[in-house]
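Residues per chain, in single letters:
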Amino acid sequence: MAREIEVGPAAELLPGTIHRADRYAVGNSQDELFAVTRRCRHLGADLADGSIDDNGCLVCPWHGASYDVASGRMTRGPQGIFAKIPGLGAGFKLLTRFLPLGRGTVVKRDGKVFVR
Ligand code: FES
């Protein structure tokens with residue numbers, strides 16, 4: 001059986017929140033819980049410090065790349081100065097088609113959230 005990591009009380013995982021749980025960023029996107037690995041595919045920022053945008057994507061706190069939390073794929077490349085580099089965003093999006101963020105399985109039990 002896969003190792004299970006306690007995230008915290010289910011009542012604290014409100015829409016738009018993201019919590020740190022070992023190697024996972026566990027959050028609530030549009031009332032759906034998700035768990036993805038924490039390191040951004042661009043330069044390794046901690047995605048648990050990110051945010052959820054209006055489309056329900058997880059946004060990297062450093063350069064604003066966004067990820068589909070269900071697939072782990074990048075939906076928008078790094079922003080700011082990085083957005084001016086031709087092909088960079090497309091390259092990272094392509095990379096995450098083959099190397100998406102890892103996804104954990106989120107379970108609720110006895111009022112708590114766990115990831116495995
Ligand atoms: S480290 Fe995430 S977009 Fe740059």
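The model shown is predicted, which means the values in this text are computed figures rather than measured ones. Counting restarts for each chain: residues are numbered from 1 in the order of the written sequence. In view of the model being predicted, local features appear only for residues whose pLDDT reaches at least 70, and side-chain atom pairs are presented and counted only at 80 or more, with totals across whole chains, interfaces and linings using the full set of residues. The side-chain quantities take in all heavy atoms of the structure and omit both hydrogens and water.

### Considerations on the pattern of salt bridges
- One speaks of a salt bridge when a side-chain nitrogen belonging to Lys or Arg is within 4 Å of a carboxyl oxygen belonging to Asp or Glu. If you walk through the whole model with that rule in mind, you get seven salt bridges.
- Note that Asp22 is salt-bridged to Arg3, the shortest N-O span being 2.9 Å. Taken together, the residues span a long stretch of sequence, with Asp22 in the loop between β2 (18-21) and β3 (24-29) and Arg3 in the segment before β1 (5-9) at a distance of 19 residues.
- Asp46 is the partner of Arg38 in a salt bridge, and the nearest nitrogen-oxygen pair spans 2.6 Å. The exposure classification of Arg38 matches that of Asp46, with both residues buried.
- If you follow the salt bridges from partner to partner, you end up with Arg20, Arg38, Asp46 and Asp49 in one network. Put simply, DSSP H or I for four residues or longer makes a helix, DSSP E for two residues or longer makes a strand, and each gets a number counted from the N terminus. The classification of residues rests on relative accessible area computed with a 1.4 Å probe and restricted to protein chains. Under 20% of the type maximum is buried, over 50% is exposed, and intermediate values are partly exposed.

### Regarding the packing of aromatic side chains
- Pairing of aromatic rings covers Phe, Tyr and Trp, the last counted by its six-membered ring, and requires centre-to-centre distances within 6.5 Å; plane angles under 30 degrees mean stacked, over 60 mean edge-to-face, and any other angle means tilted. Going through the model one piece at a time under the given rule, you end up with zero aromatic pairs.
- In this arrangement the basic side chain of Arg109 is found over the ring face of Phe114, its NZ or CZ atom lying 4.4 Å from the centre. Should the NZ of a Lys or the CZ of an Arg lie within 6 Å of a ring centre and within 35 degrees of the ring normal, that charge is described as sitting over the ring.

### Quick look at the environment of Cys60
- With respect to the element layout, Cys60 can be found in the loop between β6 (58-59) and β7 (66-67).
- A sequence separation of 18 residues divides Cys60 from Pro78, and the C-alpha atoms of the two residues are 8.4 Å apart.
- Contact partners of Cys60, with chain neighbours within four places excluded, come to Cys40, Ala45, Leu47 and Ala65. Residue contacts follow a heavy-atom distance rule, with two residues in contact if any of their heavy atoms lie within 4.5 Å.

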